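Spelled out from the first residue to the last, the chains are:
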Amino acid sequence: VYLATDPDREGEAISWHLSTALKLDESKMKRITFNEITKNAVKDSLKNPREIDMNLVDAQQARRVLDRMVGYSISPVLWQKVKRGLSAGRVQSVALRMICDREEQINAFIPEEYWTLDVMLKVKGEKKLLEAKFYGTEEGKRNISGKKELDQVMTELKDADYRVKDIKNSSREKKAPLPFTTSTLQQEASRRLGFTATRTMRAAQTLYEGVDIAGHGMMGLITYMRTDSLRIADEAAAAAKTFIGKTWGENYVCNKKRVWKSRSATAAQDAHEAIRPSMPELTPDQVEGSISGDEAKLYRLIGSRFMASQMADCLMDTVSANITAGDYIFRASGFHVTFDGFTALYEEATDDKQKKETALPPLEVSQDLKLNKL
């Protein structure tokens, strides 16, 4: 009898419970696990059976005991004092404490008013205006604390001479994104697709358990979706790099093995890989006729993120200019992409609503600029 429940602590405990309930003969019983439901993965697991790992079973039992020690004592209090049906546990109770501490910090915060000030400047020979942000004075960074001070600063700036004080050129790398873990998948699906965590995990479960794909039959499209690990199997990384080389060119392939350190270094959690397509070469376009809706959207997101994690970094030339105006300094910054790298495929979503930087017009030190508006 092969016990092939989920490859985590809960799965290990279920296998142990099954073996006990069914009174299985230990000599005729083996435990197998796989992180992806594909023909090769299942066959490999059958070649490498093992015994039930009692350390994992005990870990799951410990979690149950902790939930009961905490939950059974706190939940009744919640029912009496707040609302019947609420639950508390080893995770909820600690998380609630952290939220309460943070809320107290927010309530204790004393806000200070400040104003931002931007200037639009004309550069000789250029149609595009240069936008610069108020920085402060020669003495350093300074905030404008109120409307009265703002009006005074603007009065002084209207007749000021605007001149480029200095220019700093440099280059930087924009690192390729990490492959998905459970939490980062939920965050990115929320930002990009507007999915709730429940909706994301429901679609991921379907992709993992298996879909009938034209030309391939029934197969799991992604690896196990409950993981804290950032590890990628060498075989999967190699397949991705071959695909990237054929699709975008060899210069888009990351020429070194990327290894990311997981936040949780426990062996139990690192038993799984990061979330990735089980067959990296199976593109979202190829499976689009077999899957639709949430599953299709999520598979495209997972596939793009995984491929991007194996692509070369994005290279940029950056420029920062300080502009004097009377006693004040404004700062303008921008960048020019010299090699798009992974951004040819994937740009990480952000909650930041500020405008993205763009390339600055050509500037020279001591160059005079003309005020367009404040």
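One can find the structure itself at the top, above this paragraph.
Sequence order as written defines the numbering, with residues in each chain counted from 1. In view of the model being predicted, local features appear only for residues whose pLDDT reaches at least 70, and side-chain atom pairs are presented and counted only at 80 or more, with totals across whole chains, interfaces and linings using the full set of residues. Values shown for side chains rest on all heavy atoms present in the structure; no hydrogens or waters enter the calculation.

Enquirer: What exactly am I supposed to notice about the overall build of the protein here?
Expert: Only DSSP runs of H or I covering at least 4 residues are called helices, and only runs of E covering at least 2 are called strands; the numbering of each starts at the N terminus. A count of helical and extended segments in the protein gives 10 helices and 11 strands. Its C-alpha radius of gyration of 28 Å places the protein more than 25% over the 21 Å reference for a compact globule of 374 residues. Oriented by its inertia axes, the alpha-carbon framework of the protein measures out at about 90 × 60 × 35 Å. Here the term buried applies to any residue with accessible area under 20% of the maximum for its type, exposed to any over 50%, and partly exposed to those in between, with areas from a 1.4 Å probe on protein chains only. Out of the 374 residues in the protein, the part that is buried amounts to 39%. For the protein, the exposed area adds up to about 22800 Å²; of that, 52% sits on carbon and sulfur atoms. Only four residue types enter the charge count, namely Lys and Arg as positive and Asp and Glu as negative; His and the chain termini do not. In this description, the location of a charge corresponds to atom NZ of lysine, CZ of arginine, CG of aspartate or CD of glutamate. Of the side chains in the protein, 57 bear a positive and 54 a negative charge, and the two mean positions are spaced by 2 Å. The quantity called the radius of gyration is restricted to C-alpha atoms. Its globule counterpart is 2.2 Å times the number of residues to the power 0.38. Computed with a 1.4 Å probe, the accessible areas rest on the Shrake-Rupley method; for each residue, only the protein chains presented here act as cover.

Enquirer: Which parts of the structure should I look at to understand the packing of aromatic side chains?
Expert: Any pair of Phe, Tyr and Trp rings, taking the six-membered ring for Trp, is counted once the centres come within 6.5 Å. Such a pair is stacked with planes under 30 degrees apart, edge-to-face with planes over 60 apart, and tilted for the rest. Under the defined criterion, the tally for this structure stands at six aromatic pairs. Ring pairs connect the aromatic residues F134, Y162, Y328 and F330, which therefore count as one cluster. Across from the ring centre of Y346, 4.6 Å away, lies the NZ or CZ of R192, which sits over that ring. The criterion is that NZ of a Lys, or CZ of an Arg, lies within 6 Å of the ring centre and within 35 degrees of the ring normal, and then a charge sits over that ring. A cation sits over an aromatic face here: R331 above Y135, 4.2 Å from the ring centre.

Enquirer: Any chance you could explain the packing of helix 6 (residues 182–193) against helix 10 (residues 293–309) here in plain terms?
Expert: How two helices sit against one another is set out by the angle between their axes and by the gap between those axes. An axis is simply a line fitted to the C-alpha atoms; with a helix, the fit covers only the stretch in contact. Between two such axes, the angle follows the N-to-C directions and lies from 0 to 180 degrees. Contact geometry for helix 6 and helix 10: axes closest at 11 Å, N-to-C directions at 120°. Judged by the sense of rotation from one axis to the other, the crossing of helix 6 with helix 10 is right-handed. On the side of helix 6, the interface is formed by T184, L185, E188, A189, R192 and L193, while helix 10 contributes K297, L298, L301, I302 and R305. All residues other than Ala, Val, Leu, Ile, Met, Phe, Trp, Tyr, Cys, Pro, Asp, Glu, Lys and Arg, Gly among them, are scored as polar; the first ten of these are nonpolar and the last four charged. Taken together, the residues that form the contact of helix 6 with helix 10 break down as six nonpolar, one polar and four charged. In this scheme, a crossing is called left-handed if the near helix is turned counterclockwise away from the far one by less than a right angle; it is called right-handed if the turn is clockwise. Only heavy atoms matter for contacts: two residues are in contact if any of them lie within 4.5 Å across the pair.

Enquirer: Where do I start with unusual backbone geometry in this structure?
Expert: In most cases, non-glycine residues show a negative phi, while peptide bonds are predominantly trans. Positive phi outside glycine occurs at K23, with the angle close to 50°. With respect to the helices and strands, K23 occurs in the loop between helix 1 (9–21) and strand 2 (30–31). Its identity is not glycine, yet S366 carries a phi of approximately 75°, on the positive side.

Enquirer: Quick question: what am I supposed to make of the nonpolar core here?
Expert: One recurring pattern in soluble globular proteins is that nonpolar side chains are buried together. If you look at the biggest cluster of nonpolar residues, it comprises 47 residues, and the most contacted ones within it are L221, I222, M225, I291, L298 and Y299. Elements represented by at least two residues in this core include exactly helix 6, helix 7 (197–209), strand 7 (211–213), helix 8 (234–247), helix 10, strand 9 (314–325) and strand 10 (328–339). Tallying contributions element by element places helix 10 first for this core, with eight residues. Once residues within four sequence positions are removed from consideration, L298 is found in contact with L185, A189, L193, T200, A203, A204 and L207. Membership of the second largest hydrophobic core comes to 25 residues, among which are L157, V319, A325 and Y328. Here the nonpolar core consists of buried residues drawn from Ala, Val, Leu, Ile, Met, Phe, Trp, Tyr and Cys, with membership extended through side-chain atoms lying within 4.5 Å.

Enquirer: Looking at this structure, I do not really get the pairing of strand 11 (residues 368–373). What am I missing?
Expert: A regular strand carries its side chains on alternate faces of the sheet. Pairing between two strands requires that DSSP report at least two bridges joining them. One ladder, built from three bridges, connects strand 3 (residues 118–122) with strand 11; its direction is antiparallel. Bridge pairing in strand 11 links L121 to L371. The pairing of strand 6 (residues 162–174) with strand 11 spans two bridges and is classified as antiparallel. If you follow R163 over to strand 11, its bridge partner there is D368.

Enquirer: Got a minute to help me understand the pattern of salt bridges in this structure?
Expert: Two side chains that carry opposite charge are able to pair once their charged atoms sit near each other. By definition, a salt bridge exists where a carboxyl oxygen of Asp or Glu is found within 4 Å of a side-chain nitrogen of Lys or Arg. The tally for this structure, following the rule as stated, stands at 24 salt bridges. A salt bridge links R163 to D368; the shortest N-O distance between them is 2.7 Å. On the criterion of sequence distance, the pair formed by R163 in strand 6 and D368 in strand 11 is long-range, its members being 205 residues apart. With relative accessibility at 35%, the residue R163 sits in the partly exposed group.

Enquirer: Would you mind showing me how to read the pairing of strand 10 here?
Expert: With four bridges joining them, strand 4 (residues 130–137) and strand 10 adopt antiparallel strand pairing. Across the sheet, the residue bridging to F134 is F330, located in strand 10. Pairing of strand 9 with strand 10 involves 11 bridges; the strand directions are antiparallel. From the neighbouring strand, A325 faces strand 10, where its bridge partner is Y328. Between strand 9 and the antiparallel strand that follows it, strand 10, lie two residues; G326 among them carries a positive phi value of about 65°.

Enquirer: Looking at this model, I keep getting lost on helix 6. Mind explaining?
Expert: Since one α-helical turn is 3.6 residues long, residues separated by three or four positions face the same way. In this scheme, a helix's expected span is set at 1.5 Å multiplied by one less than its residue total. Look at helix 6: 16 Å from first C-alpha to last across 12 residues, which is about the 16 Å you get at 1.5 Å a residue. Looking at helix 6, one finds that the buried residues are T182, L185, E188 and A189. Within helix 6, the buried residues cover an arc of 135° as seen down the axis, which keeps them to one side. Buried positions along helix 6 lie against helix 7 and helix 10. Positive phi shows up at G194, right after helix 6, with a value of about 75°. The arc refers to the directions leading from the helix axis to the C-beta atoms.

Enquirer: Any chance you could explain helix 3 (residues 54–81) here in plain terms?
Expert: Counted at 1.5 Å a residue, the expected span for helix 3 with its 28 residues is 40 Å, and the 40 Å between its end C-alpha atoms agrees. Roughly 35° is the biggest bend found in helix 3, and it falls at G71. Along helix 3, the positions that sit buried rather than exposed are L56, V57, Q60, G71 and S75. Of the surrounding secondary structure, the elements contacted by the buried residues of helix 3 are helix 1. To get the bend at a residue, fit one axis to the 7 residues ending there and another to the 7 starting there, then take the angle between the axes.

These results come straight from atomic positions and should not be treated as a statement about function.
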